[in-house]
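Chain residues, written in single-letter form:
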Amino acid sequence: MKKECIAMLLAGGQGSRLYVLTGEMAKPAVPFGGKYRIIDFPLSNCINSGIDTVGVLTQYRPMELNSYIGSGQPWDLDGIDGGVQILPPYMGSSGGTWYKGTANAIYQNIGYMDQYDPEYVVILSGDHIYKMDYSDMIRRHKKAGAVCTISVMEVPWDEASRFGIMAVDGNDMITEFAEKPKEPKSNLASMGIYVFSWQALRKYLTEDEADPNSENDFGKNIIPNMLKDGQPMAAYRFAGYWKDVGTLDSLWDANMDMLGAGSDLDLRDEEWPIYARSVDAPPIFLGRDCKVNNSAINRGCEIHGNVESSVLSPNVKVANGASISHSVLLPGVVVEAGAVIEYAILGENCHIGKDCHVGGAPADGKKKELAVLAPDCKLEDGRTVAPGVMLDYKGQEVAKK
Amino acid sequence: MNRLHGIIFSYVMRNDLRELTELRSPASVPFGGRYRTVDFALSNLTNAGVTDVGLVLHGRYQSMLDHVGSGKVWDLSRKRGGLRILPPFNYQKDWGVMPFRGKMEALAGVKTYLDEIRQDYVVMMDGDLIANIPLQDVLNQHIESKADITVVCANDSYKTADGTYYEKDAQGRITEVLFHLNQPRGYRGLEIFILSTDLLRKLVAECEAQDQYSFRRSVLLNKRDELNLQMYVWGGFAAQMRSVQEYYDRSMQLLNPEIRAELFPAERPIRAKGADKSSTYISESGSCLNSLVAEGCWIEGTVVDSILFPGVTVAKGAVVRNSILFKGVNVAENATLAHVIADKDVEVQNGRTLMGHYTYPIVLAKNSVI
């Protein structure tokens, strides 16, 4: 069945800078914003943009992600034609390999894409929090007569050297691309979202695969090669909330951005819903003595203590006299009486014993140091976990490399 | 294959739910912050492994159809069996026009469906019962006691309008079936019955031939000596809501943690259609105490002793006490509500004050603007 446009979602990354949070699961499966997982954002953007065929390329620890995606029904991606398809690396008659790079992952699935004979392919990654209408980007791609369109956003000049930076002409056509340049010529950063004309991409992927010196990467190989050949490449300017949540700090920041009416990340917008596979649990119960302010809470939570400027995922229990502030609690965390949690991320099903003290507020003018607990970590009563310390599931300290 | 088949009655029955059932049947009345009453019957069935369920509808059932959809939420969207929606399809009599007078008449209206039931036993239940009952245990007792019909009853002091009450002997056999009593006595019937599929077919045919419509009168009462009627006594929470007062009182009991534990045990989850809403947010000015709150609410005012369904907004300075606010209710700044049940999408504008009482909660009809 022919599709004008399909999407390929790169979800194989380990997310090593999320450390213990991705010990057992791929980064796109990490819970976000109380009721979501990171991958809900690109999947929901796809269906809201009218893209109903999405290949999800998995490699690292895919079980959690696979079972989360399931049939694709929560995102309406379980249609008769297309829908969501998990694409792991596979063996062929002449052997097989792991996905060597982002371009190689797509190359290995040329067969999947050819089935739909698409005009355009959208390449997405599974580690960004944003709402974007890809159909608008495709319109830009068609109008510019481009073979490749890259979504870009303006970043502060002093941060530009951390991104892939584009230089553009008066028509916003890309003239130069530099990956993390020391002296950036512009402040237009790539958001890692690409639209390609499929036949052109297919040719470049095949050539890239034949090049033994290539790293098989979109940013390092495919895009520079297209630019070198003088292919028309357009920039698509995006204004709105976008955040790469590849680090513990940025994951925490994005969760905090969601709080309050003033944030750019509006998840209440009914015109652009973010769908999620939700857990079945009774409504939130807020006890008679609780004190909750500036916080997001979800189903199945029982709150008897104090919660301030925090994000609580489903089924979190906070006992009387416990106190949580500036923290992100993933599903199923239990905090016993008298415990204090500050500036922390607590993994799924962590159990915090009575009178524990996890993390701490930064001193005036100092940078915050998040305390982070791996999923299933159980802290015995009275334990102190200093700011910036990370514990594995056994409660032993691990270093952030 | 599971041996039990489920039939849920969700036609409009006599009740005093006033505005709450103006646009819906009693079985699709919102309850407990995120449920419809029928979610309990459906979840009780699926938690007992039941895979085939018939839902008997009659009148005001659009809200029910919207809610149950394909039955996917309860794992009842299946290739074989699954959820069968049963509006009246035999118009020879007046079934399309007049409400059913009783269960036997309703079943006579879906006789071809009864003939196709694959399971040996049928559990019949009303769609407006709020309880979490292990129906597998009821079936086991039914088989062990060699009963013809097992009737599930509550052993508590609640009285419900138009309820049926039962008395039993020491062996558990039902000796008396009581209704229309001024002073109810005995065990309160929960309108859950298990019987064999063959017996059900026989009884439906018999009643139809004699133009009898009532299960409790023509079968339970008249045949109590002829048939072995056994009682299963359920000790947990079980609410039948036939009036606004009952609805209000029983809803407010959910603020008690012991009642919630009885109704929502982890091993028998109550499943409900999810609303795709974001997290609930409580702002710095907001306060929410002793309340049950669904997702997608936005609380900047004060909420105490209340139940909030998805997407409720309580603005700054507003105070909500002892109230039940359905999906999408908007309480504007400085408004005050006490002992109010606000139906879907009600808007309470700036500074308005509405006060009911424990003994007379005010009901605001769907979409009304105050």
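Student: Got a minute to help me understand the overall build of chain B in this structure?
Tutor: Scanning chain B from N- to C-terminus turns up nine helices and 28 strands. Along the first, second and third principal axes, the C-alpha set of chain B runs to 65 × 45 × 40 Å. Here chain B holds 370 residues, and 59% of them are scored as buried. For chain B, long-range pairs separated by at least 24 residues make up 60% of all intrachain contacts whose partners lie at least 6 apart in sequence. Of the accessible surface of chain B, which amounts to about 14,300 Å², a share of 46% is contributed by carbon and sulfur atoms. Distance between charge centroids for chain B: 2 Å, based on 42 positive and 43 negative side chains.

Student: Please clarify how the interface of chain B and chain A should be interpreted in this entry.
Tutor: Counting residues at the interface gives 35 residues for chain B and 33 residues for chain A. Buried surface at the junction of chain B and chain A, both sides included, amounts to about 2,800 Å², of which 49% is carbon and sulfur. At the surface where chain B touches chain A, the tally comes to six salt bridges. Linking chain B to chain A there are 19 residue pairs in polar contact (both at pLDDT 80 or more). Class assignment of the residues belonging to the side of chain B that touches chain A gives a composition of 14 nonpolar, twelve polar and nine charged.

Student: Even after reading the chapter, I still don't get unusual backbone geometry, so can you show me in this structure?
Tutor: In terms of backbone geometry, most residues other than glycine have negative phi values and most peptide bonds are trans. Although it is not a glycine, Asn216(A) adopts a positive phi angle of roughly 55°. Structurally, Asn216(A) is set in the loop between α6 (198–210) and α7 (218–228). Classification of Asn216(A) as buried rests on a relative accessible area of 5%. The backbone of His339(B) sits at a positive phi, close to 50°, despite the residue not being glycine. Here His339(B) is to be found in the loop between β24 (336–338) and β25 (340–342).

Student: When you look at the confidence of the model for chain B in this model, what are you seeing that I'm missing?
Tutor: Reading predicted coordinates in detail is not appropriate for stretches of low pLDDT. Summing up the model confidence of chain B, the mean pLDDT is 91 and the portion of residues at 70 or higher is 96%. In the predicted assembly, ipTM is 0.88 and pTM is 0.91.

Student: What should I look at first to understand the pairing of strand β6 (residues 120–125) of chain A in this one?
Tutor: Here is the key point about a regular strand: its side chains alternate between the two faces of the sheet. Residues and elements named next belong to chain A. Across the six residues that make up β6, a large majority, six, are buried. With six bridges joining them, strand β1 (residues 5–10) and β6 adopt parallel strand pairing. Each residue of the ladder has a partner; that of Cys5, found in β6, is Tyr120. Pairing geometry for β6 and strand β11 (residues 188–197), over four bridges, is antiparallel. Note on β11: the bridge partner recorded for Val121 is Phe196.

Student: Any chance you could explain the sheet that holds strand β14 (residues 284–286) of chain A here in plain terms?
Tutor: Whether parallel or antiparallel, the strands of a sheet pair through hydrogen bonds between backbone atoms. If you walk across this open sheet you meet the eleven strands as β29(A)-β26(A)-β23(A)-β20(A)-β17(A)-β14(A)-β16(B)-β19(B)-β22(B)-β25(B)-β28(B), and the pairing is mixed. If you trace the sheet from one side to the other, it starts and ends with β29 (378–379) of chain A together with β28 (362–364) of chain B, each paired once. Sheet topology note: the strand β19 (residues 307–308) of chain B/strand β22 (residues 324–325) of chain B ladder contains two bridges and is parallel. If you follow Ile307(B) over to β22(B), its bridge partner there is Ile324(B).

Student: Would you mind showing me how to read the environment of Ile324(A) here?
Tutor: Residue and element names in this part refer to chain A. Its location among the elements puts Ile324 in strand β21 (residues 323–325). According to the relative accessible area criterion, Ile324 is buried, its value standing at 1%. Setting aside chain neighbours within four positions, we find Ile324 in contact with Asn306, Val307, Glu308, Ser310, Val318, Leu329, Val335 and Ile341.

Student: How should I be thinking about the side chain of Ser197(A) in this particular structure?
Tutor: All names here are of chain A. With respect to the helices, strands and loops of the structure, Ser197 is situated in strand β11. A distance of 3.0 Å separates the side chain of Ser197 from the side chain of His141, its partner in a polar contact. A polar contact of 3.4 Å, which involves the side chain of Ser197, links it to the backbone oxygen of Ala146. Look past the residues within four positions of Ser197 in its chain and what remains in contact with it is Glu119, Tyr120, His141, Ala146 and Val147.

Student: Would you mind going over the packing of aromatic side chains with me for this structure?
Tutor: Each aromatic ring pair is described using two quantities: the centre-to-centre distance and the angle formed by the ring planes. Residues and elements named next belong to chain B. Enumeration over the complete set of coordinates arrives at 18 aromatic pairs over all chains. Taken together, the ring pairs connect Phe31, Tyr35, Phe40, Tyr247, Phe264, Phe309 and Phe326 into an aromatic cluster. Lys103 extends its terminal NZ or CZ atom over the ring of Phe9, reaching a point 5.4 Å from the ring centre.

Student: In this structure, what is going on with the nonpolar core? I would like to understand it.
Tutor: The biggest cluster of nonpolar side chains holds 75 residues, and the ones touching the most others in it are Val54(A), Leu124(A), Met132(A) and Ile193(A). Per-element tally for this core: the top contributor is helix α8 (residues 248–257) of chain A, with five residues. In this view, Val54(A) contacts Ala7(A), Leu9(A), Leu43(A), Cys46(A), Leu77(A), Gly83(A), Val84(A), Gln85(A) and Tyr112(A); residues no more than four positions away in its chain are not counted. Residues Val335(A), Cys377(A), Val320(B) and Ala335(B) belong to the second largest nonpolar core, which totals 53 residues.

Student: Explanation requested: the pattern of salt bridges in the structure shown.
Tutor: Two side chains with opposite charge may pair up if their charged atoms get near one another. Taken as a whole, this structure holds 45 salt bridges over all chains when the rule is applied. Between Arg299(A) and Glu295(B) there is a salt bridge, with its nearest N and O atoms 2.2 Å apart. In this pair, Arg299(A) sits in the loop between β16 (295–297) and β17 (302–303) while Glu295(B) sits in the loop between β16 (291–293) and β17 (298–299), so the two residues belong to two different chains. Using a relative accessible area of 6% as the deciding quantity, one classes Arg299(A) as buried. Since its relative accessible area comes to 3%, Glu295(B) is described here as buried.

Student: What exactly am I supposed to notice about the state of the cysteines here?
Tutor: Residues and elements named next belong to chain A. Taken as a whole and judged by the stated rule, the model has zero disulfides over all chains. Take Cys350: it sits in no disulfide, and the sulfur closest to it among the cysteines is that of Cys377, at 5.1 Å. Residue classification places Cys350 among the buried positions, given a relative accessible area of 0%.

Student: Help me understand α7(A) in this model?
Tutor: An α-helical segment advances 3.6 residues per turn. Residues three or four places apart therefore align on the same side. Residues and elements named next belong to chain A. Turning to α7, its buried residues number three or more, namely Phe218, Gly219, Asn221, Ile222, Ile223, Met226 and Leu227. The opening residue of α7 is Asp217, an N-cap whose side-chain oxygen sits 2.9 Å from the backbone nitrogen of Gly219. Just beyond α7, the residue with positive phi is Gly230, at close to 75°.

Student: Hey, could you run me through the environment of Phe100(B) in this one?
Tutor: Residue and element names in this part refer to chain B. Within the fold, Phe100 resides in the loop between β5 (82–86) and α3 (103–108). On the basis of relative accessibility, which here comes to 7%, the residue Phe100 falls in the buried class. Counting along the chain gives 239 residues from Phe100 to His339, while the straight-line C-alpha distance between them is 34 Å.

Student: Is there a simple way to explain the packing of α6(A) against α7(A) in this structure?
Tutor: The description of two helices packed together rests on the angle between their axes and the distance between the axes. All names here are of chain A. One way to put it is that α6 packs onto α7 with a least axis distance of 10 Å and a crossing angle of 120°. Between α6 and α7, the crossing angle belongs to the class labelled oblique. Once α6 is placed against α7, the crossing between them reads as right-handed. Between α6 and α7, the residues in contact are Ala200, Leu201, Tyr204, Leu205 and Asp208 and Phe218, Asn221, Ile222, Asn225 and Met226, respectively. Here the residues of the contact of α6 with α7 sort into seven nonpolar, two polar and one charged.

Conventions we followed
Residues numbered from 1 in each chain as written. Chains lettered and ligands numbered in written order. Predicted model: local features only at pLDDT ≥ 70, side-chain atom pairs only at ≥ 80, totals over all residues. Heavy atoms only, no water. Helix = DSSP H or I, 4+ residues; strand = E, 2+ residues; numbered from the N terminus. Buried < 20%, exposed > 50% of the residue type's maximum accessible area, 1.4 Å probe, protein only. Contact = heavy atoms within 4.5 Å. Areas by Shrake-Rupley, 256 points an atom, 1.4 Å probe, with all protein chains shown as cover. Lys, Arg positive; Asp, Glu negative; His and termini not counted. Charge placed at Lys NZ, Arg CZ, Asp CG, Glu CD. Buried area = accessible area lost by both parts, 1.4 Å probe. Salt bridge = Lys/Arg side-chain N within 4 Å of Asp/Glu carboxyl O. Polar contact = N/O pair within 3.5 Å; in protein donor to acceptor, adjacent residues only side chain to side chain. Nonpolar A, V, L, I, M, F, W, Y, C, P; charged D, E, K, R; others polar. pLDDT = per-residue confidence, 0-100. Pairing = 2+ DSSP bridges. Phe/Tyr/Trp six-rings, centres within 6.5 Å; stacked < 30°, edge-to-face > 60°. Lys NZ or Arg CZ within 6 Å of the ring centre and 35° of its normal. Core = buried A, V, L, I, M, F, W, Y, C linked by side-chain atoms within 4.5 Å. Disulfide = S-S within 2.5 Å. Axes fitted to C-alpha atoms, helices over the stretch in contact; angles between N-to-C directions. Parallel < 35°, antiparallel > 145°, perpendicular 65-115°, else oblique. Left-handed = near helix turned anticlockwise from the far one by under 90°.

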